[in-house]
Amino acid sequence: MLAEGRRGDPRAAGHRRQGERGRAFLVDDPQREVDDHVRRQADAGGNVVDTAINYRGGASEEYLGELLTGRRERFVLASKYTVTRDGADPNAAGNHRKNLTGSLETSLRRLRTDHLDVYWVHLWDRHTPIEETMRALDDAVTAGKVLYIGISDAPAWVVSRANTLAEWRGWTPFAGLQVPYSLLNRDIERELLPMAEAFGLTVAAWSPLGGGVLSGKYTRPGGPGSGTRHAPDSISEHDLSVARAVQQVAGDLGVTASQVALAWTRVRSRAVHPIIGARNLDQLTDDLGALEVTLSPEAVARLEDATAFPAGFPADFIAQTSPWVFGEVSQRVDGRY
Ligand SMILES: NC(=O)c1ccc[n+]([C@@H]2O[C@H](COP(=O)([O-])OP(=O)(O)OC[C@H]3O[C@@H](n4cnc5c(N)ncnc54)[C@H](OP(=O)(O)O)[C@@H]3O)[C@@H](O)[C@H]2O)c1
């Protein structure tokens, strides 16, 4: 799923929240919770695990390292760097060679492995020349410490430039893009998704439920209960109306709102795979059910109408001016290049 020549399963799971300490809504034993979570994911055929150097201050990687001991090779193990390892040290953050090297060694040690299957640049840092990042990542691949590389949370022009440089200089290109994508946030349809498709990048969609808003818990009678990620009164009327549309489609199909919202992320592009952010096993089981949900064109139209998402310039302008540009043959040209 994530990269050419290697197979992952769409049942990717994120591990930002599992293993969280000191939150009332989690079980007492975070290690066991992560264990159950990964086991349930694996039982369903999932094999992709996504973490980061900063998730839970490093505890996420440590739990996973213990958990995967003895079965590491069965999983497509991904981690990320960029975010600071020491807020007092300017060189302990960012995408430059020094932080990449220090972060990678730290993640490998915590995860008890000698290589990562996918290493993500977590965010574009705006300071490091992309040439330096690509060359340093290529060295990590050549050293066998990383198999594939990806980039998260970056402008399309940065990723395009990075992969074009890599192509021309014989360096390892990015194979994956990690970005937010849901019915509440369709921004990637403007530039990032077309770019990813043109470069053949896999798109790992984070917050596919908008942090839980699309699960329907905020719009159902009685509200979400306690311990949820969002305060109910912090959610905008627009987002609540999209959540209601999801709930209606789910009701008509006899499935859950989370399953409809997750299934939608895979409708527009075969490149997209949602990262499941379930907080407990019931949520995980519910979310995995999305794999069995097929949305009709009519259901997709109802969901997308609710988002009122304009593609904006330049996509709208280019589409509108096509008859003027191509004249009477405009219907016969199909947009491929
Ligand atoms: N690259 C990046 O910058 C970046 C940023 C963010 C996340 N990520 C990755 O993406 C993963 C997913 O993001 P996310 O956690 O924001 O995803 P999400 O699916 O949008 O939100 C997860 C939240 O949705 C709720 N939820 C999930 N399934 C549910 C269900 N079946 N029923 C009811 N509620 C449900 C839970 O909220 P409650 O806790 O309120 O119950 C859960 O904490 C993360 O774990 C992380 O690995 C990456």
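Here the structure is a predicted model, which means the values were calculated and not measured.

Conventions and cut-offs
- Residues numbered from 1 in each chain as written.
- Predicted model: local features only at pLDDT ≥ 70, side-chain atom pairs only at ≥ 80, totals over all residues.
- Buried ≥ 20, exposed ≤ 12 C-beta atoms within 10 Å, placed from the backbone.
- Helix = DSSP H or I, 4+ residues; strand = E, 2+ residues; numbered from the N terminus.
- Pairing = 2+ DSSP bridges.
- Right-handed = clockwise from strand over helix to strand, strands pointing away.
- pLDDT = per-residue confidence, 0-100.
- Contact = placed C-beta atoms within 7 Å.

## Comments concerning the pairing of strand β3 (residues 76-81)
Where burial is concerned, most of β3 is hidden: six out of the six residues are buried. Of the two faces of β3, the one carrying V76, A78 and K80 and the one carrying L77, S79 and Y81 are both buried. Note: strand β2 (residues 48-50) against β3, three bridges, orientation parallel. What sits directly across from V49, in β3, is L77. Regarding the hand of the β-α-β motif, the stretch spanning β2, helix α2 (residues 59-68) and β3 is right-handed. The pairing of β3 with strand β4 (residues 116-121) spans four bridges and is parallel. For K80, the partnering residue across the bridge sits in β4 and is W120. The β-α-β motif built from β3, the intervening helix α3 (residues 97-111) and the parallel element β4 has right-handed crossover chirality.

## Considerations on the pairing of strand β5 (residues 146-152)
Most of β5 sits out of view: seven of its seven residues are buried. Pairing geometry for β4 and β5, over five bridges, is parallel. Paired with L116 across the bridge in β5 is V146. The parallel pair β4 and β5 is bridged by helix α4 (residues 130-142), and the resulting crossover is right-handed. Both β5 and strand β6 (residues 174-180) contribute to a ladder of four bridges, which runs parallel.

## Structural notes on unusual backbone geometry
With an omega of 5°, the peptide bond between F313 and P314 qualifies as cis. Within the secondary structure layout, P314 lies in the loop between α10 (297-307) and α11 (315-326). In this model, R126 sits at a positive phi of 70°, which is unusual for a non-glycine residue. Structurally, R126 is set in the loop between β4 and α4.

## As for the confidence of the model for the chain
Averaged over all residues, the pLDDT of the chain is 90; the fraction at 70 or higher stands at 90%. Taken as a whole, residues 1-6 scores under 50 in pLDDT and shows 23 contacts with residues more than four places along the chain or in a different chain. Here residues 19-28 is a poorly scored stretch, pLDDT under 50, and it has 17 contacts once near neighbours within four places are set aside; other chains count.

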